[in-house]
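Descriptive analysis of the structure
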Amino acid sequence: MKTIEVKELTKYYKTNKALDCLNFTIEPGKIYGLLGRNGAGKTTLLNLMTGRIFPTEGEIRIDGENVHENDKVLGSIFYMTEKNLYPVEERVKNIFKWSRRFYPKFDMEYARDLADKFGLDTNKKVKNLSTGYTSIFKAVTALASNADIMLFDEPVLGLDANHRDMLYKELLANYAQNPRTIIISTHLIEEVARVLEEVIIIKEGKLIVKSPVEELLACSYTATGEASKIDKYIEGRKYTGIEQTGNLKSVIVLEDIKERNTGLAKELGIDFSKTELQKLFISLTN
Amino acid sequence: MGTTLKVTKYQLYSFYKAVLVFYIIILMVSLGTIALAVKATEEVSFGGLGTATIIFISIAGMDCFKTGFKFMMANNVSRRRFYYGNLIALVVLAAFMALADTALSAILSSVIRYQSLTGQLYGFSNYTAEYLWSFGLYTLAACMGWFISMLYYRADGVMKMVVFITPLAAGIMFAFIDRQTGGQLGRTVIGFIGRAMGLTGGRSPFIGFLSLLIAAAVLAVLCYIPIRRAPVKE
């Protein structure tokens, strides 16, 4: 089990600040969602975690060891990137074979089983795979690697709904069998929400939320009702994410779900519901 | 097997098809020449297959970095391990090609009038000298290719132009200074190369071998500087 510590991490691309003094710890054996809008710094953070790029300031430590050029630490991480880094002229089955050499715990039988399940032809060259199947091939390699830490950057890119559902299920099955640290960076928040235990939300290079999903969602609720009644209910309350269709208004109230005023809501004809992670994300990052 | 040797194995695996095709072509050319020599009424001479190998191994050196580096990054191999693994692969490739060329040279010279590069330069050749000299030269050529590809990989748009223009500018500058000094610079450089390659005095390919290895080692060390902090690029 590996603990990832991100300390004072800052990354500049020339004059553009991609990450701004991030500080947080990723506990082992959990599935994290790394969320943020386009350009928020998610991929930069994952690239830094695997030493593919270098921080301007700060460091990342795994079990107390700096990741920079550290083969022992790097060998415990598998990073499925959005972009393809595999030789395009190589066949999928050969890449499995080579991956087994670099990841000694790589499970070839499991890789073949997953390939069969997803309909991935392992005799095909990487260049001949569609966008969806390239994602499947990389995800299969990642899952079969059995690395202690798995990082996924947009793992469902180009996948149809069935394959996305299959992948989430396989990810959970893999995790259930062998709990490890998994970080998933994706824009499909609602889909992945059921898989996540914690979320890390980055906005313009800064960490704005790091919290268990349940706790985060318990800190807010959605109130829906007639616009004027909703306005009355939210008076003096913190809220965000107002949506209005005709006279029907809904708002995310930023207070503990236990503190909601059910009496007033009943009086005003307001319905309460659980906040959806995606809606909360949108309101937090807007 | 350590990570470095795994990298070496992968790099050699990525070379093998091209090497195979290269030697098939060389064999066909050699067989064609032998056939021609058998049929010809006049003596047919043939030589310098090593030049083709130098071109081939330089290109292999240029080609060894980008794809291999990306694949090793995909497998979370450190840059240091990739560097050592790649260097060993290039040295092994140079050793193999020197051996193949020496063997081919031995076969060809027993059938037709063939002269290897070593024979042409030093006026004599034995197999040990030919092998060692070729090995040194091929290692240097491979490292040169690798170094050029590293410079291009790390350079941005302006630096790429600088890398491209610098040898041309140096050549023009050399010619200018040489003219100004009445050919003194050219004679000095040629004299230095001649001594370093063991072409002056006692004519020793072994001195040439040592000088080529030193030059290759310098280039190999220089390759480490740009690779140390090389980012993964598309």
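Here is a short report on the structure shown in this document.

With 28 residues, helix α6 (residues 127-154) of chain B ought to run about 40 Å at 1.5 Å a step, and its terminal C-alpha atoms sit 40 Å apart, in line with that. With respect to burial, α6(B) is a largely interior element, 20 of its 28 residues being buried.

Reports often express the size of an interface as the amount of accessible area lost when the parts come together. Taken residue by residue, the interface counts 19 residues in chain B and 18 residues in chain A. In terms of residue count, helix α3 (residues 66-74) of chain B provides more of the side of chain B that touches chain A than any other element does, five residues in total. Among the residues forming the side of chain B that touches chain A, the class breakdown is seven nonpolar, five polar and seven charged.

It is worth spelling out the pairing of strand β1 (residues 4-13) of chain A at this point. Residues and elements named next belong to chain A. Pairing of β1 with strand β4 (residues 57-62), which is carried by five bridges, proceeds in the antiparallel orientation. Its bridge partner being in β4, K7 is matched across the sheet by E59. Bridge analysis of β1 against strand β2 (residues 16-26) gives seven bridges, and the strand direction is antiparallel. Bridge pairing in β2 places Y13 opposite N16. The turn linking β1 back onto β2 is made up of two residues, and K14 within it adopts a positive phi angle of 55°.

Turning to the sheet that holds strand β5 (residues 65-66) of chain A, a few remarks are in order. Residue and element names in this part refer to chain A. In space, the four strands of this open sheet follow the order β2-β1-β4-β5, with antiparallel pairing throughout. Two strands lie at the open edges of the sheet, namely β2 and β5, each paired on one side alone. Seen against the sheet, helix α1 (residues 42-49) touches β1, β2 and β4 and runs at an angle of roughly 120° to β1.

Below, the discussion takes up the sheet that holds strand β13 (residues 248-253) of chain A. All names here are of chain A. Taken in spatial order, the four strands line up as β12-β13-β11-β14 in an open sheet, and their pairing is antiparallel. Each edge of the open sheet carries a strand with a single partner, namely β12 (239-245) and β14 (271-274). Here the average twist between neighbouring strands, direction ignored, is 20°. When strand β11 (residues 221-226) meets β14, the two strands line up antiparallel, connected through four bridges. Within β14, the residue paired with Y221 across the bridge is K274. Those strands touched by helix α9 (residues 227-234) are β11, β12 and β13, and its axis lies near 140° from that of β11.

Reading the values: the criteria
- Residues numbered from 1 in each chain as written.
- Chains lettered and ligands numbered in written order.
- Predicted model: local features only at pLDDT ≥ 70, side-chain atom pairs only at ≥ 80, totals over all residues.
- Helix = DSSP H or I, 4+ residues; strand = E, 2+ residues; numbered from the N terminus.
- Expected span 1.5 Å × (residues − 1).
- Buried ≥ 20, exposed ≤ 12 C-beta atoms within 10 Å, placed from the backbone.
- Contact = placed C-beta atoms within 7 Å.
- Nonpolar A, V, L, I, M, F, W, Y, C, P; charged D, E, K, R; others polar.
- Pairing = 2+ DSSP bridges.
- Axes fitted to C-alpha atoms, helices over the stretch in contact; angles between N-to-C directions.

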